[in-house]
Amino acid sequence: MSQSILRNDYQPYPYQIPYLHLQFFLNFNQTKVCSRFTVYTKKPSTTLVLDGEELTLVSIRVDGMTLSADQYQLTDTHLHLSLTNTEHLIEIESICEPEKNTTLMGLYQSGRQLFTQCEAEGFRRITWFADRPDVLSRYTVELIGDKTQFPYLLSNGNLISQSDLDNNQHKAVWEDPFAKPSYLFAVVAGDFDCREEKIKTASGREVLLQLISDKGDYDKTEWAMQSLISSLRWDEQRFGLELDLDRYMVVSAADFNMGAMENKGLNVFNAAYVLAQPESTTDQSYRDIEAVIGHEYFHNWTGNRVTCRDWFQLSLKEGLTVFRDQEFSADMMAMGLEGHAAKSARAVKRIDDVSVLRVAQFPEDAGPMAHPIRPNSYEEISNFYTATIYEKGAEVIRMFHTLLGESGFQAALNNYFARFDGQAITCDDFKQIMDEQYQKQNPGLNLEAFSGWYEQAGTPTVTITLHYDAKQQQATLFFKQENPAVGVELLAPTTDKKPLLIPFKIGFLNQAGQTQKVCLHQDRNHEFMLRIDQTEQQVVFNDVQSTPVLSLLRDFSAPIIVNYDRPTSELVTLAKYDDNAFSRWQAIQELASQTIFSLANANAEANEDALIEVWGQLIQDRILSAAYLSRALSLPSVRQLLSQQRPMDPLSIQAAHQHLEQALAERFSAQWLTLYHDHQPTANATYSPDALSAGVRALKNLALKQAAIAKHPEALRIAAQQYAQATNMTDQWGALTVLVHYADAELREHYLTAFYDQWQHNALVIDRWFSVQATAPYFDVEQALQLQQHPDFNLRNPNRARALIFQFCTNNITAIHTESGYDFWRDQVLALDALNPEISARLCRAFDNWSQFVEPQRSQLQVRLQSIAQHPKLSANVTEIIHKALTIE
Ligand code: TRP
Ligand code: ZN
């Protein structure tokens, strides 16, 4: 059984290691690594404990003397050296095997290239070292390898020298001027194409930007380069933060566990988040690339210059950096727009971010893996790169931003860098900085009640009741906040959880949908930011002329669930008139959710009239942006609906969802077709991924899909025509999805074959070819097993596994929720676990919430989890998930 690591057990490392010298003799099968460093301590006679895994030891020298086997202690995970003095020179030689490394952690081979991935604990698979984020060292790295095999030899920082050696070998020496923890170390070697750009930073320093990709992919790195330059500029302008290196490299990798990695000066990216060209990349991917390039670049300050003391503090860098990339994307989407249009563009970004939070993070926060954004324990840290740490973490930063305002927040961040630059710190340090600024701005108040956001798991529920006194023109709002124990909190039922400080933005409308000004204390307005921080609390508004229609939690000002009982007619009013674009969308979504739930419950009162009234108005609207309309006219996903249902009944929700989708599509099929024709690109327009054009394409492709669902006689013909004429992947993909999901088998096969033939040499597009099938209504377990036999399927490539297996297990509701679907899931978890435990553990999480399902699914899933648990060779990663899933119900 794996051991839990506890946050409260933190001990500073007893040694300092200011410099680290590394020498690599690069080979695919065996790479020799020689490390040299001096350790310093104030406490002599302390054992030096170094982390190391999957390494073969060649030799250890201490102060120049080679140790014999009885002079050190070696286990599977550690090297212990008994030292006597305050200062010792350590030299270690070891060998690792990149070719055999299927985990994609440490040094691994991908194609004919070598990459490293060190976060969180991968450096220990390269050499024995203090592999923890609070040991900061300055690295010098010598890379030696075959000149033909590895023309590029890259590491962090500045290139000091490059020279030829005997036997067709060459050597590059890199020096990183900034001290860093081992998780930010990187090496890349191989043959590549390289796109370069020299630009001047705000202070006038010249920097070299390089985008490094597989040979032949040069043309696909232009967008990433543009995004990188936008990121640099944005961080200068909005945060006053400049690039601190002379050289900044971004490398594309075909095999990669996650999105990308912020290694100092040498970011490594999943190819899916770098490579783009109009004909093979969708609008969504263009946006994702910009966001991830931004994210990794922003880490250079929030993560690298100021880093984490230990992995419990992960959200210190991730929550803050996600908040920054969200704001970057929002600013980029609103660029060039003004007033209402700019607001609407930002609302679309907010809608998309909140949708991700609700689909991924809310269920996590209600299941066995629920954890605070600063966890108190973990078994395997790579299991904690979660939606909670990232997305909820970003929401927590956003609440600070809301409480302080933009200028206050920026002032606080200035203090943050002034105080903590070059250090490894905690979330408490960050909170302290925010609190100081808050107290400066709000004499007598503080952020004490905010700390629960770091300490407690679970999504708070706020239930609101309204009492309106017409005679007194007074509206009294009662807020009741609930924070029941969830996840690990259920195992240690100690103290009661405390109420959280919730910034709650509220708007007032009247029954006709017009804004209504009311009074709170001295303030007369139609919108207020309330400070909710009690379990029960009431707020009294005066001068309320008529029964208010409340627009609640505007802009999603806090990551909570709001309960407020109100007549459907009020939701309709908000759906039509709410002047807050986010809340308007929210009202439309609530209306749709209610309709689906009553259909699923075979509720006699179930009727679609209200939603039809709202959609009828929206679909004629020519003022709202196309991007906004495409969100407003989409039903909440089955996964999101399920997260609101207990017990979860996936098949009935799926059926109700489908029924409503069908009814709406048929009801509006003529309007959809008009919308489709009204949103055609102007002739000869060159492709641009900007938000306005992308919005138009999103709405057009939604219209096409709706027409197909309605079985409009024109739909498939139009889809075929769009497919044939498409000059960009968004349009080709939109058409293909319709043709594969809604046409008959013959037509579908025709297009699948055509698409494959056209794109067989582009791995990222072939990923799409796998996923369009995995999510298709006709696709079942048998076909999934068959598609796995396709020569292009490869379980070792995470993108491919995600395209087929993850898509099938998470998004093909009808096929996966069957006995054979669950068998498939179990078998894939086990097969992946033997290769890549990080990826396997993520797949395992697809059903960690088994106990929330209705019967018979609940028991059927339980049996599969139990059989995974009994597997003789299970990784620590999967062990933790399964163990928690089976013990925390
Ligand atoms: N720190 C990276 C980011 O957020 C993500 C990351 C963490 C990662 N662990 C990883 C990427 C392992 C790849 C593999 O940008
Ligand atoms: Zn990150």
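Note that the structure is a prediction, hence the values are computed from the model and not measured.

What counts and how
Residues numbered from 1 in each chain as written. Chains lettered and ligands numbered in written order. Predicted model: local features only at pLDDT ≥ 70, side-chain atom pairs only at ≥ 80, totals over all residues. Heavy atoms only, no water. Salt bridge = Lys/Arg side-chain N within 4 Å of Asp/Glu carboxyl O. Helix = DSSP H or I, 4+ residues; strand = E, 2+ residues; numbered from the N terminus. Buried < 20%, exposed > 50% of the residue type's maximum accessible area, 1.4 Å probe, protein only. Domains from an automatic or database assignment. Pairing = 2+ DSSP bridges. Contact = heavy atoms within 4.5 Å. Donors = N, O, S within 2.8 Å, 3.2 Å for Na, K, Ca; no water. Core = buried A, V, L, I, M, F, W, Y, C linked by side-chain atoms within 4.5 Å. Phe/Tyr/Trp six-rings, centres within 6.5 Å; stacked < 30°, edge-to-face > 60°. Lys NZ or Arg CZ within 6 Å of the ring centre and 35° of its normal. Near = heavy atom within 4 Å. Polar contact = N/O pair within 3.5 Å; in protein donor to acceptor, adjacent residues only side chain to side chain. Areas by Shrake-Rupley, 256 points an atom, 1.4 Å probe, with all protein chains shown as cover. Axes fitted to C-alpha atoms, helices over the stretch in contact; angles between N-to-C directions. Left-handed = near helix turned anticlockwise from the far one by under 90°. Nonpolar A, V, L, I, M, F, W, Y, C, P; charged D, E, K, R; others polar. Parallel < 35°, antiparallel > 145°, perpendicular 65-115°, else oblique.

Participant: Even after reading the chapter, I still don't get the pattern of salt bridges, so can you show me in this structure?
Facilitator: Close approach of charged atoms allows side chains of opposite charge to pair. For the structure on display, the rule yields 59 salt bridges. The residue D164 makes a salt bridge to K147 at a minimum N-O spacing of 3.0 Å. Residue D164 is located in strand β14 (residues 158–164), and its partner K147 is located in the loop between β12 (138–146) and β13 (152–155); the two are separated by 17 residues in the primary sequence. Its relative accessible area of 53% is what places D164 among the exposed residues. According to the relative accessible area criterion, K147 is partly exposed, its value standing at 35%. Here R346 makes a salt bridge to D331, at a shortest N to O gap of 2.4 Å. Taken together, the positions of R346 in helix α4 (residues 339–364) and D331 in helix α3 (residues 314–334) put the pair 15 residues apart, joining distant regions of the chain. A residue is classified by how much of its surface remains accessible, and R346, at 29% relative accessible area, is partly exposed.

Participant: Got a minute to help me understand the domain arrangement of the protein in this structure?
Facilitator: Where interface size is given, it is often the accessible area lost as the parts come together that is meant. Domains assigned within the protein are domain 1 (1–190), domain 2 (308–455) and domain 3 (461–565). Each of domain 1 and domain 3 has a C-alpha centre, and these two points are 54 Å apart.

Participant: Is there a simple way to think about the pairing of strand β3 (residues 31–40) in this case?
Facilitator: On any regular strand, side chains alternate: one points to one face of the sheet, the next to the other face. One ladder, built from six bridges, connects strand β2 (residues 19–25) with β3; its direction is antiparallel. In the sheet register, F24 faces β3, and the bridge partner there is V33. Counting the residues that bridge the hairpin from β2 to β3 gives five residues. Relative to strand β9 (residues 87–96), β3 runs antiparallel, the two being bridged by 10 bridges. Considered in β9, the bridge of F37 is made with I90.

Participant: Looking at this structure, I do not really get the side chain of S227. What am I missing?
Facilitator: When you line up the elements, S227 lands in helix α1 (residues 222–239). A relative accessible area of 1% places S227 in the buried class. Each residue touching S227, except ones within four places of it in the same chain, is listed here: E290, I293 and F328.

Participant: Help me understand the sheet that holds β3 in this model?
Facilitator: Sheets are built from strands paired through backbone hydrogen bonds, the pairs being either parallel or antiparallel. With mixed pairing, the eight strands of this open sheet are ordered in space as β6-β5-β9-β3-β2-β12-β15-β14. Only two strands of the sheet have a single neighbouring strand rather than two, namely β6 (65–66) and β14. With seven bridges connecting them, β2 and β12 associate as parallel partners. Note that in β12 the partner of L22 across the bridge is V141.

Participant: Explain the coordination of the zinc ion (ligand 2) here, please?
Facilitator: Six octahedral donors at a metal ideally form angles of 90 or 180 degrees, and four tetrahedral donors ideally form angles of 109.5 degrees. H295 (NE2), H299 (NE2), E318 (OE) and E318 (OE) make up the full set of protein donors to the zinc ion (ligand 2), lying at 1.9 to 2.7 Å. Read in sequence order, the donor residues for the zinc ion (ligand 2) give the motif H-x3-H-x18-E. With a gap of four residues between them, H295 and H299 both fall in helix α2 (residues 283–299), about one helical turn apart. In terms of burial, H295 and H299 fall into one category: buried.

Participant: Please clarify how the nonpolar core should be interpreted in this entry.
Facilitator: Grouped burial of nonpolar side chains is what soluble globular proteins tend to show. By size, the foremost hydrophobic cluster in this structure holds 276 residues, and its most contacted members are Y416, F504 and F541. The greatest single-element share of this core, amounting to 15 residues, is contributed by helix α5 (residues 387–420). In contact with F541, other than residues within four places in its own chain, are Q473, Q474, A475, L477, F508, V518, C519, L520, F528 and L530.

Participant: I would appreciate a short explanation of the packing of aromatic side chains in the present structure.
Facilitator: Working definition: an aromatic ring pair is given by the centre-to-centre distance plus the angle between the planes. Scanning the model with the defined rule gives 49 aromatic pairs in all. Ring centres 6.1 Å apart and planes at 75° place the aromatic pair F123 and Y139 in the edge-to-face group. Pair noted here: F123 is in the loop between β11 (113–117) and β12 and Y139 is in strand β12, with a separation of 16 residues, a long-range link. Assessed through its relative accessible area of 0%, F123 is described here as buried. On the basis of relative accessibility, which here comes to 1%, the residue Y139 falls in the buried class. Their ring planes at 80° and their centres at 6.4 Å tell us that W615 and W672 sit as a pair that is edge-to-face. One end of the pair, W615, is in helix α10 (residues 609–620); the other, W672, is in helix α14 (residues 669–678), with 57 residues separating them in the sequence. There is no split in this pair, since W615 and W672 are both buried. Taken together, the ring pairs connect W301, F400, Y416, F417, F420, F430, F450 and W453 into an aromatic cluster. For the cation-ring pair, K32 lies above F25, with the distance from its terminal atom to the ring centre recorded as 5.4 Å. For R667, the ring lying beneath its charged end belongs to F668, and the centroid distance is 5.6 Å.

Participant: Looking at this model, I keep getting lost on the site of ligand 1. Mind explaining?
Facilitator: Neighbouring ligand 1 are 15 residues, the closest being E119, E262, E296, E318 and Y390. A260 is positioned such that a nitrogen or oxygen atom in its backbone is 3.3 Å from an oxygen atom of ligand 1. A distance of 2.6 Å separates an oxygen atom of ligand 1 from a polar atom in the side chain of E296. For ligand 1, whose free accessible area comes to 370 Å², the fraction covered by protein is 97%.

Participant: Looking at this structure, how should I read the packing of α3 against α4?
Facilitator: For any two helices packed against each other, the geometry is given by the interaxial angle and the distance between the axes. Contact geometry for α3 and α4: axes closest at 8 Å, N-to-C directions at 145°. Here the hand of the crossing between α3 and α4 comes out right-handed. Residue-level inspection shows Q326, E327, S329, A330, D331, M333 and A334 of α3 in contact with α4, the latter providing A342, A345, R346, V348, K349 and D353. Grouping the constituent residues of the contact of α3 with α4 by class yields six nonpolar, two polar and five charged.

Participant: Honestly, unusual backbone geometry in this entry has me stumped. Any pointers?
Facilitator: Of all residues except glycine, most have a negative phi; of all peptide bonds, most are trans. With omega at -5°, the peptide bond leading from E119 into A120 counts as cis. Counting through the fold element by element, A120 comes out in the loop between β11 and β12. Each neighbour pair has its own omega, and for R646 with P647 the value is -15°, a cis peptide bond. Looking at where P647 falls in the secondary structure, it is placed in the loop between α12 (638–642) and α13 (650–667). Although it is not a glycine, H521 adopts a positive phi angle of roughly 55°. Mapped onto the elements of the fold, H521 is located in the loop between β28 (518–520) and β29 (523–525). The backbone phi angle of L553 is positive, close to 50°, even though this residue is not glycine.

Participant: Would you take a moment to explain the pairing of strand β18 (residues 206–213) for this structure?
Facilitator: For β18, a buried count of seven out of eight residues is recorded, marking the element as mostly surrounded by other parts of the structure. As paired elements, strand β17 (residues 193–200) and β18 share eight bridges and run antiparallel to each other. By the bridge assignment, D193 is partnered in β18 with S213. Linking β17 back to β18 in an antiparallel pair, the connection comprises five residues, with G204 at a positive phi of about 95°.

Participant: Even after reading the chapter, I still don't get the packing of helix α20 (residues 781–788) against helix α21 (residues 798–811), so can you show me in this structure?
Facilitator: Running from amino to carboxyl end, α20 crosses α21 at an angle of 170°, the nearest separation of the two axes being 11 Å. Here α20 lies roughly antiparallel to α21, going by the angle between them. Here α20 contributes V781, A784, L787 and Q788 to the contact with α21, which in turn contributes L804, I805 and F808. Of the residues belonging to the contact of α20 with α21, the class tally is six nonpolar, one polar and no charged.

Participant: Would you take a moment to explain the sheet that holds β18 for this structure?
Facilitator: Here five strands make up an open sheet; going across it, the order is β17-β18-β19-β21-β20 and the pairing mixed. Looking at which strands have only one partner, the edges of the open sheet turn out to be β17 and β20 (260–261). Where strand β19 (residues 247–253) and strand β21 (residues 266–270) come together, five bridges link them in parallel fashion. Paired with S252 across the two strands is F269, which belongs to β21. Lying over the sheet, α2 contacts β19, β20 and β21, oriented at roughly 150° with respect to β21.

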